[in-house]
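# Working through the structure, step by step
Okay, here's what each chain looks like letter by letter:
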Amino acid sequence: MKRRLVLASGLAAALPLSAPAQSLEKPKLTIAVGGKNLLYYLPLTVAEQLGYFKAEGLDVTIVDFAGGAKALQAVVGGSADVVSGAFEHTLNMQLKGQPMRAFVLQGLAPQIVLGINPKTLPNYKTPADLKGKKIGVSAPGSSTNIVANFVLAKAGLKPTDFSVIGVGAGNGAVAAMRAGQIDAISNLDPVITLLQRSGDLQIIADTRKPAEAEKVFGGPMPAGCLYAPVAFLDKHPATAQALANAIVRADKWIQQAGAGDIIKAVPESYLLGDRAVYVDAFLAARGALSPDGLIPEKGAETAYRALASIDPKMAAAKLDLKAVYTNEFAKKANAKYPKG
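Residues numbered from 1 in each chain as written. Predicted model: local features only at pLDDT ≥ 70, side-chain atom pairs only at ≥ 80, totals over all residues. Heavy atoms only, no water.

## With respect to helix H8 (residues 210-217)
Note: α-helices contain 3.6 residues per turn, so residues at a spacing of three or four share the same orientation. What counts here: When a residue's accessible area, from a 1.4 Å probe over protein chains only, is under 20% of the maximum for its type it is buried; when over 50% it is exposed; and in between it is partly exposed. Think of it this way: any DSSP run of H or I at least four residues long counts as a helix, any run of E at least two long counts as a strand, and we number them from the N terminus. As used here, the arc is the angular range of directions from the helix axis to the C-beta atoms. Contacts are assigned to residue pairs that have any heavy atoms within 4.5 Å of one another.
Here H8 has its buried residues at Ala213, Val216 and Phe217. Mapping the buried residues of H8 onto a view down its axis gives an arc of 80 degrees, with all of them on the same face. Turned more than 90 degrees away from the buried face of H8, the exposed residues are Ala211 and Lys215. For H8, the elements touching its buried residues are helix H5 (143-154) and helix H13 (299-308). The first or second residue beyond H8 is Gly218, which carries a positive phi of 80 degrees.

## Quick word on helix H12 (residues 275-285)
Operational definition: Within 3.5 Å is the distance limit for a polar contact, defined as a pair of N or O atoms, with the added protein rule that one can donate a hydrogen and the other accept it, and that residues adjacent in sequence qualify only through two side-chain atoms.
Of all the positions in H12, only Val277, Tyr278, Ala281, Phe282 and Ala285 are classed as buried. What you see down the axis of H12 is that its buried residues fit within an arc of 135 degrees, all on one side. Residues of H12 that are buried make contact with helix H1 (42-49), helix H7 (191-197), helix H10 (237-256) and helix H11 (259-265). The backbone nitrogen of Ala276 has a side-chain oxygen 3.1 Å away, supplied by the residue at the start of H12, namely Asp274.

## Quick notes on the sheet that holds strand E5 (residues 113-116)
Selection rule: A strand pair is defined by DSSP finding two or more bridges across the two strands. Angles here are taken between N-to-C directions and fall from 0 to 180 degrees, while the axes themselves are lines fitted to C-alpha atoms, restricted in helices to the stretch in contact.
If you walk across this open sheet you meet the five strands as E7-E6-E8-E5-E9, and the pairing is mixed. For this open sheet the edge positions go to strand E7 (163-166) and strand E9 (202-206), each flanked by a neighbour on one side alone. Strand-to-strand twist across the sheet, computed as the mean angle between neighbouring axes with direction ignored, equals 25 degrees. Relative to strand E8 (residues 184-187), E5 is paired through four bridges, and the arrangement is antiparallel. Across the sheet, Ile116 pairs through a bridge with Ala184, a residue of E8.

## A closer look at the side chain of His236
Relative to the elements of secondary structure, His236 occurs in the loop between helix H9 (230-235) and H10. Here His236 is in contact with Glu25 and Lys26, once residues within four sequence places are set aside.

## A closer look at the nonpolar core
Going by this rule: Note on terminology: a nonpolar core comprises buried Ala, Val, Leu, Ile, Met, Phe, Trp, Tyr and Cys residues joined through side-chain atoms within 4.5 Å.
Leu42, Phe53, Phe103 and Leu243 are the most contacted members of the largest nonpolar core, which has 106 residues in total. Residue contributions to this core peak at 10 residues, all from H10. Setting aside chain neighbours within four positions, we find Phe53 in contact with Ile31, Leu44, Ala47, Glu48, Leu58, Val60, Ile62, Leu243, Ala246 and Ile247.

## A word on empty space enclosed by the protein
Gaps between atoms show up when a probe of the same size as a water molecule is rolled over them. Stated formally: Only protein atoms enter the calculation, which uses a 1 Å grid: trapped sets of points that fit a 1.4 Å probe without letting it out are cavities, open sets showing protein on both sides within 12 Å along at least five of seven lines are pockets, and any residue with an atom within 4 Å of a point is a lining residue. Grid points are joined across faces, edges and corners, and a volume is the space filled by probe spheres set on the points. Residues are grouped as follows: Ala, Val, Leu, Ile, Met, Phe, Trp, Tyr, Cys and Pro are nonpolar; Asp, Glu, Lys and Arg are charged; every other residue, Gly included, is polar.
By the definition in use, this model includes two cavities of 30 Å³ or more. Of the volumes computed, that of the largest cavity is approximately 70 Å³. Looking at the largest cavity, the residues that line it are Gly34, Leu38, Tyr40, Tyr41, Gly68, Ala86, His89, Ser138, Ser142, Ser143, Thr144 and Leu188. Split by residue class, the lining of the largest cavity holds five nonpolar, seven polar and no charged. What the second largest cavity holds in volume is close to 50 Å³.

Below, the structure written as structure tokens:
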């Protein structure tokens, strides 16, 4: 049976027939994400909104959490099947003896920005000035927290030298900065662009450009991806392939989409009340989004170095870096959809 789908943009080609549901081991599944409104997860939203999951025969429920650490907990606890989250969590989970594997990329660079609050730190000079201060992150333990730790470690600060406060990744994060409840923030777009435009943020580290991210981390730092327990991927390879197909199509659509196409494709609530800000944020972030879903070969090594620099247990561990990701599914998705 053909599915009739209304597309949000003329750029999206007619969708193919849905994959036969019986060929998928688990056509109905749940994806956990931490901050779905963020441009970091734009490919996930595009795949959902333009019907790419449905075109693959999938019935996907996306459950949104305050941060990536909480999304991961949902999969560990069994209430979700797959995480749309930060790549480095796969390393942390191997360290804990709970192997996870990334299988399709959404972000080439973390897109995370660390900035200070000009109201509470008017005399700020260097990152070392954040000692004893309150830093807002999407959720404690999430990638926003990890990037803050990493940047401040370079300034000689340990994670115990400052307080981390979960402020989410939407209007709550903006309000916390404007009210002076936090002295700095590690967050993503559109939150960052909104704060920057209103003069409520002074940027000190910006990983929205892959080249800048490589300078910060010393190599390619893969970011948003779909990852799942290795056992799930082994048991449901056709389902994982269908998910990868949808994300790769979304990755490619985004690279050729105009700002107007993006505005039509995302829910109104994502715009945080200001379309112009969202457009600026998208244009700033597009270069940091993956064009093809493939995870850089040296990405796991870069992520390991970043985590090891702030976690003695990670530094002492001997991890199998090739086990935390696979490009098998993304390569097949690119072969199936060379133009998206």
